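Here is what each chain is made of, one letter per residue.
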Amino acid sequence: MKQELLAPAGDIEAGYAALYYGADAVYLGLQKFSARATATNFDEHNLNQFTAYAHHLGRKVYAAINTVVQEDELPDLLKILDVCSKCNIDAVILQDLGVARVIKQSYPELELHASTQMAVHNKEGALFLQSVGFSRVVLARELTLPEIKEIASIEGLETEAFIHGALCYSYSGLCQFSALEIGRSANRGKCLYPCRACFEKNGINKHFFSMKDMALGIDVLKMPVTSLKIEGRKKSALYVAAVTDYYRHILDGKGADYQKEERIKQIFSRPWCKFHFNGKSKDIIDREFVGHRGLKIGKIGRISKQGIEIKLNHKIGRFDGLQIDVKGNEKPFGFSIQNIKLNSKNVFEAATGDVVQIELPKKYPNLEKGLDVYLASSTEVKASYPYKKPKQNEFINGINLDVKVEVYQDNILAKCDNFVSSVGGSFDKAQDLSKVTLAFKQAFEKTGGTEFSLKSISVENSGRLFVPVSKINELRRDLYSKIVPCHKKGTLPTISKKENAGFKGWIIKTDDIKCLEQLNLADFAEIVYLINPKSDVSELKKLPKNKVRIALPEVCRKPKVFEPIINSLIECGYKKWEIGNYWGFSALPTEKLDISLSSSVYMLNSQAVEHAKEMKVKRVCFSIEDTLSNINLLNEKISLTSCFIVYQDAPLFISAGCIRDYDCKNCKGGVEIAELKKDGRIYTAISQNCQLMMFNDKPLCFADEAKNVKADFYRMDFCHKKYDAFRVKQIADKLMNFTDINGCVKANINSQKI
């Protein structure tokens, strides 16, 4: 199987560089709904040119429309999808089920690729998305090689996996850190990367969640997936060229070129790792520094008035950029080389093995002997990746025209579909009829930078008459001016009308049944119990079975461990279940059950809710990072029963990383809780079973806002953190009177937009 090398393009120059250096396909974002909203991205004109050129080369182009979409943005979504269809995009990478529904019904020519934002981390999740129309799934970055192989074995489903680039600490799509803490949602492409900040733990300040970069290198040859994906839509054309070239070299059987690796590190690179590809690893975090480091070229030997002395393990040149790790600074100290001395003589460049003195800028931090020095920018490397690109408008996705010409003694006619043009004249016999026919063909091929492309032309000239080129050109211009491009304009699929709307009661969710002991359960319409493989389900006997709904967690790396508990509970008559990730649809016999969705399956527009209804879902939860205005707008339109979460200790992220200070072989498992501080805020990190969840010390509370939300159900959650029964009773009493709990936070609920 020939695997696809998939490269990123944050702008058209990066796209051209990717194609030149061997990418089989390129993925890019448009002006809206891109998970890299701050990249340059593509407008319609650039997208048209680029896709036409890529298709000319036999390559593919995928559009990342991979954010969640709010209700009032659906008309803009149609405009973006119209452009994708017009420009012959090969597939759309998406996160939102609403986007999927619109494409399936209004743009069936566009393939559906499930974004890594959909957090596909097991075979069950992939199988379900295949069943609802996705031709490809982009796998979660956290997976090991055996897990990747298992999903890639699904017959008829394409798989795509990241091989190089930046990593997120959280499972993609399950991070709400930036949204809930700063108001900039990662699920909307606006993440401000708060995970890379410095946090205090036990009096020590470190970057506990700042990931190294992934670089699989030669290990990509072990990958059984359809597509090998390079991250980097916010990177330069130079970076895209270098990384694409490096992996093209490997895939073509030429091995991992060390010089090419060095060039990548000089252009942009954090320290490299393979994440969990070869099994659970803790060597994935750079706790000391953040950002681009570069290629390590030596250590400071000594410091003098002349600068710093370094014995080089790589050549350098004047005006190259250096960076030095300085203790106490979270970012390396960087400067441009202005002067190099070798044997007390000024030189323009120095080679490997040379001992040089490098002049420091006037202002520099406290430097010490032995600090690592990195080459962070190389003039030579910048000139090492030239690339060719087409002329402006040389390639355009044209509208193919079939033209018929008729020549008479006193006029000539041109017809295309229902458009007709006529030019009068007096035409004599032609000496060479073939030259006349050729003149018509050559004239009508000149489309003047329009969207038109001549597919065919027939010339009926029974009188064998000669027509001057000036008359032919006049006829062409007149015909082309009349043809109105007719592009496809999609419409929003219909949605069901809401029935039986109105308040139906309060719901309480917990992972600890003991915390419910002081409540009058008659006050609640439903009790949602979040299970794990070790849950003591015998405790469920204390609860009225008709009110119990069993909830599956968002992340499950080994779904088979849930099989016994799922089968047992279903056999005992528990028919109501809540799903937190797509794997749950395959793990449960959903056609026999009452299924609801938790807020981690994002529902921000009516098309997404309608898609859920078509999946036999009975109830949805509004997103906890959404705004009150969108929730109310959505609630007026949807036909499914709705649930508004009023109180929750919201997971800021869910991670396969680990914050424990010891290595895996010395880990006894169990729960470990760490308190972290940042800018006056306190966070709780809970580590359990090789999974980490991070929480603000202050819960979300929307009790006051709930007065203005006409949801069918209101819900309070007591999961993950420990609550005693007395405290739960205190909180529940206030919430059910729509009274806010002191010391809580509001996230985006009162914002105009997320």
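For the structure, check the block above.
Because the structure is a prediction, the values reported are computed rather than measured.

**Brief notes about the pairing of strand β13 (residues 295-304)**
Sheet analysis places β13 next to strand β22 (residues 372-377), joined by four bridges and oriented antiparallel. Bridge assignment links glycine 298 to a residue of β22, and that residue is valine 373. Here four bridges tie β13 to strand β14 (residues 307-311), and the two strands are oriented antiparallel to one another. When the bridges of β14 are listed, isoleucine 303 appears paired with isoleucine 308. Between β13 and β14, which follow one another and run antiparallel, lie two residues.

**What about the nonpolar core?**
If you look at the biggest cluster of nonpolar residues, it comprises 205 residues, and the most contacted ones within it are Phe209, Trp577 and Phe644. Ranked by the residues each element gives to this core, the list is headed by helix α8 (residues 237-254), at nine residues. Listed in part, the 24 residues of the second largest apolar core include Val407, Ala414, Val436 and Leu454.

**Description of the sheet that holds strand β19 (residues 345-347)**
The strand order across the open sheet built from eight strands is β17-β16-β22-β13-β14-β21-β18-β19, with neighbouring strands paired in antiparallel fashion. One side of each edge strand has no neighbouring strand; the edge strands of this open sheet are β17 (333-336) and β19. Direction aside, neighbouring strands of the sheet carry axes that sit 40° apart on average. Lying on the sheet, helix α9 (residues 258-267) is in contact with β13 and β22; it crosses β22 at an angle near 85°.

**Digging into empty space enclosed by the protein**
Applying the stated rule across the entire model yields four cavities of 30 Å³ or more. Quantified by volume, the largest cavity comes out at close to 270 Å³. Considering the residues around the largest cavity, the lining is formed by 21 residues, among which Glu554, Ser599, Gln648, Pro651 and His720 are closest to the centre. Residue classes in the lining of the largest cavity are distributed as nine nonpolar, seven polar and five charged. By volume, the second largest cavity amounts to about 110 Å³. Class assignment for the residues of the lining of the second largest cavity results in eight nonpolar, six polar and one charged.

**Some remarks on helix α18 (residues 725-735)**
Taken together, the buried positions of α18 are Ala725, Val728, Ile731, Ala732 and Leu735. Along the axis of α18, the buried residues cluster in a sector spanning 125°; they form a single face. N-cap assignment for α18: the residue whose side-chain oxygen lies 3.1 Å from the backbone N of phenylalanine 726 is aspartate 724.

**Describing the pattern of salt bridges**
One pass over the full model with this rule turns up 55 salt bridges. For arginine 549, the salt bridge goes to glutamate 526, with nearest N and O atoms at 2.7 Å. In this pair, arginine 549 sits in strand β29 (residues 548-551) while glutamate 526 sits in strand β28 (residues 524-530), placing the two residues 23 residues apart along the sequence. Residue classification places glutamate 526 among the buried positions, given a relative accessible area of 4%.

**Brief notes about the layout of surface pockets**
By volume, the largest pocket is sized at about 1400 Å³. The wall of the largest pocket is formed by 42 residues, among which Asn532, Pro533, Gln688, Asn689 and Gln691 lie closest to the centre. For the lining of the largest pocket, the secondary-structure elements that each account for two or more residues are α6 (145-152), β28, β36 (681-688) and β37 (691-696). For the lining of the largest pocket, the leading source of residues is β37, giving three residues. Partitioned by chemical class, the residues of the lining of the largest pocket number 21 nonpolar, eight polar and 13 charged. Taken as a whole, the second largest pocket holds about 860 Å³ of empty space. For the second largest pocket, the lining is made up of 41 residues, of which Arg36, Ala166, Cys168, Tyr193 and Glu231 are closest to its centre. Classifying every residue of the lining of the second largest pocket by side-chain character gives 20 nonpolar, eleven polar and ten charged.

**What to know about the side chain of threonine 510**
Topologically, threonine 510 is positioned in strand β27 (residues 505-510). Threonine 510 gets classed as buried once you look at its relative accessible area, which sits at 1%. The contact partners of threonine 510, leaving out residues within four places of it in the chain, are Cys515, Leu516, Val528, Tyr529, Leu530, Phe718 and Cys719.

**A few points about unusual backbone geometry**
One non-glycine residue with positive phi stands out, namely asparagine 202, at about 55°. Within the secondary structure, asparagine 202 is located in the loop between β8 (199-201) and β9 (204-206). Looking at asparagine 202, the relative accessible area reads 68%, which means it is exposed. With a phi close to 55°, asparagine 343 is a non-glycine residue in the positive phi region. On the accessibility criterion, asparagine 343 (65% relative accessible area) is exposed.

**Looking at helix α15 (residues 606-614)**
Counting buried residues along α15, seven of its nine residues qualify, which places the element largely inside the surrounding structure. Listing the buried residues of α15 in full gives Ser606, Gln607, Ala608, Val609, Glu610, His611 and Ala612. Considering only its buried residues, α15 is in contact with α3 (74-86), α4 (97-106), β31 (594-597), β32 (617-621) and α16 (628-637). Taking the backbone nitrogen of glutamine 607 as reference, a side-chain oxygen 3.1 Å away marks asparagine 605 as the first, capping residue of α15. The first or second residue beyond α15 is lysine 616, which carries a positive phi of 70°.

**Comments concerning the packing of aromatic side chains**
All told, the structure shown has 30 aromatic pairs when counted by the stated rule. Centroid distance tyrosine 20 to tyrosine 21: 4.9 Å. Interplanar angle 75°. Geometry classified as edge-to-face. Ring plane angle 70° and centroid distance 5.3 Å describe the contact between tyrosine 169 and phenylalanine 653, whose orientation is recorded as edge-to-face. Here tyrosine 169, found in the loop between β7 (158-165) and α7 (177-182), pairs with phenylalanine 653, found in strand β34 (residues 651-655); they are 484 residues apart in sequence, far enough to count as distant. With respect to burial, tyrosine 169 and phenylalanine 653 carry one shared label: buried. Among the aromatic residues, those joined into a ring-pair cluster are Tyr169, Phe177, Phe199, Phe209, Phe653 and Tyr683. Residue placement shows lysine 265 over the ring face of tryptophan 272; its charged tip is 4.7 Å from the ring centre. Here arginine 293 stacks its cationic end above the ring of tyrosine 374, 5.5 Å away from the centre of that ring.

**Looking at the sheet that holds strand β23 (residues 399-407)**
The strands making up a sheet associate through hydrogen bonds between their backbones, and the pairing can be parallel or antiparallel. Here we have four strands laid out as an open sheet, ordered β25-β24-β23-β26, and mixed in their pairing. Strands with a single pairing partner mark the edges of an open sheet, and in this sheet they are β25 (419-424) and β26 (452-460). Averaged over all pairs of adjacent strands, the angle between strand axes in this sheet comes to 20°, irrespective of strand direction. Across the face of the sheet, helix α11 (residues 433-444) comes into contact with β23, β24 (411-416) and β26 while running at roughly 160° to β26. Where helix α12 (residues 469-482) meets the sheet, it contacts β23, β24, β25 and β26, and its direction lies at approximately 150° from that of β25.

Basis of the calculations
Residues numbered from 1 in each chain as written. Predicted model: local features only at pLDDT ≥ 70, side-chain atom pairs only at ≥ 80, totals over all residues. Heavy atoms only, no water. Pairing = 2+ DSSP bridges. Helix = DSSP H or I, 4+ residues; strand = E, 2+ residues; numbered from the N terminus. Core = buried A, V, L, I, M, F, W, Y, C linked by side-chain atoms within 4.5 Å. Buried < 20%, exposed > 50% of the residue type's maximum accessible area, 1.4 Å probe, protein only. Axes fitted to C-alpha atoms, helices over the stretch in contact; angles between N-to-C directions. Contact = heavy atoms within 4.5 Å. 1 Å grid on protein atoms, 1.4 Å probe; cavity = no way out; pocket = protein on both sides within 12 Å on 5 of 7 lines; lining within 4 Å. Points joined across faces, edges and corners; volume = space filled by probe spheres on them. Nonpolar A, V, L, I, M, F, W, Y, C, P; charged D, E, K, R; others polar. Arc of directions from axis to C-beta. Polar contact = N/O pair within 3.5 Å; in protein donor to acceptor, adjacent residues only side chain to side chain. Salt bridge = Lys/Arg side-chain N within 4 Å of Asp/Glu carboxyl O. Phe/Tyr/Trp six-rings, centres within 6.5 Å; stacked < 30°, edge-to-face > 60°. Lys NZ or Arg CZ within 6 Å of the ring centre and 35° of its normal.

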